[in-house]
Amino acid sequence: MALYSEKVMDHFRNPRNVGVIEDADGVGEVGNAKCGDIMKMYLKIQDGIITDAKFETFGCGSAIASSSMATELIKGKPVSQALELTNKAVVEALDGLPAHKIHCSVLAEEAIKNALDDYYSRHPESKN
Ligand code: FES
């Protein structure tokens, strides 16, 4: 069996939503001290809906595939739903990751949560 699923390879080779949102409403950056990979997530939010999501990932193929899939999963969704996105959901959407690459998907979950924290700190009124 191949180490990486076709979906992982597809999102690694043709990552969706790569880039920067200059006027983002929330930005989150996380890193993994062990492997040194860094992920930055930009969110555009309007009326509680994530209208756009982009990322920059300086990291391994699984981290790139995870960021790509994670942005696809939250685009067009309410903030409340994005907050509930787990790394497990990202892994499932990618048809699995090898055990030693699970932490790459955790970066995606954390980057989104950080970006949403940033959004809430800029817009405390939207927490209610
Ligand atoms: Fe660390 Fe992939 S090896 S994020």
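Just above sits the structure.
Values in this document were obtained by computation on a predicted structure and should not be read as measured data. (Residues numbered from 1 in each chain as written. Predicted model: local features only at pLDDT ≥ 70, side-chain atom pairs only at ≥ 80, totals over all residues. Heavy atoms only, no water.)

(A) Seen up close, unusual backbone geometry. A positive phi angle, close to 65°, is found at Asn17, a residue other than glycine. Note that Asn17 resides in the loop between helix H1 (6-13) and strand E1 (26-31). Here Asn17 falls in the buried class, since its relative accessible area comes to 12%. Of note in the backbone geometry, Asp47 takes a positive phi value of approximately 50° without being a glycine. Relative to the helices and strands, Asp47 is located in the loop between strand E2 (38-46) and strand E3 (49-58). (Helix = DSSP H or I, 4+ residues; strand = E, 2+ residues; numbered from the N terminus. Buried < 20%, exposed > 50% of the residue type's maximum accessible area, 1.4 Å probe, protein only.)

(B) Spatial organisation of the pairing of E1. Residues Gly26, Gly28 and Val30 point to one face of E1 and are all buried, whereas Val27, Glu29 and Gly31, pointing to the other face, are not buried. The sheet contact formed by E1 and E2 spans six bridges and is antiparallel. Paired with Gly26 across the two strands is Leu43, which belongs to E2. Hairpin geometry of E1 and E2 is characterised by an intervening segment of six residues between the two adjacent antiparallel strands and by a positive phi of about 85° at Gly36. (Pairing = 2+ DSSP bridges.)

(C) Quick peek at the nonpolar core. Grouped together as the largest cluster of nonpolar side chains are 32 residues, with contacts concentrated most on Met39, Met41, Leu43, Ile50, Ile74, Ile112 and Leu116. Of all the elements in the fold, those that place two or more residues in this core are E2, E3, helix H2 (61-74), helix H3 (79-83), helix H4 (87-93) and helix H5 (102-122). The leading source of residues in this core is H5, at nine residues. If sequence neighbours within four positions are ignored, Met39 has contacts with Gly28, Glu29, Val30, Glu56, Thr57, Ala63, Ser67, Cys104, Leu107, Ala108 and Ala111. (Core = buried A, V, L, I, M, F, W, Y, C linked by side-chain atoms within 4.5 Å. Contact = heavy atoms within 4.5 Å.)

(D) Inspection of the sheet that holds E3 at higher detail. On the basis of which strands lie adjacent, the open sheet formed by three strands has the order E1-E2-E3 and antiparallel pairing. Because the sheet does not close on itself, it has two edges, and the strands there are E1 and E3. For this sheet, the mean inter-axis angle between neighbouring strands, taken without regard to orientation, is 15°. Running over the sheet, H2 touches E2 and E3 and is turned about 175° from E3. Running over the sheet, H5 touches E1, E2 and E3 and is turned about 145° from E1. (Axes fitted to C-alpha atoms, helices over the stretch in contact; angles between N-to-C directions.)

(E) The environment of Lys101, seen in detail. Within the secondary structure, Lys101 sits in the loop between H4 and H5. For Lys101, a relative accessible area of 17% gives the class buried. Along the sequence, Lys101 and Asn32 sit 69 residues apart, while their C-alpha atoms lie 12 Å from each other. What Lys101 contacts, discounting residues up to four positions off in sequence, is Tyr4, Cys60 and Ser62.

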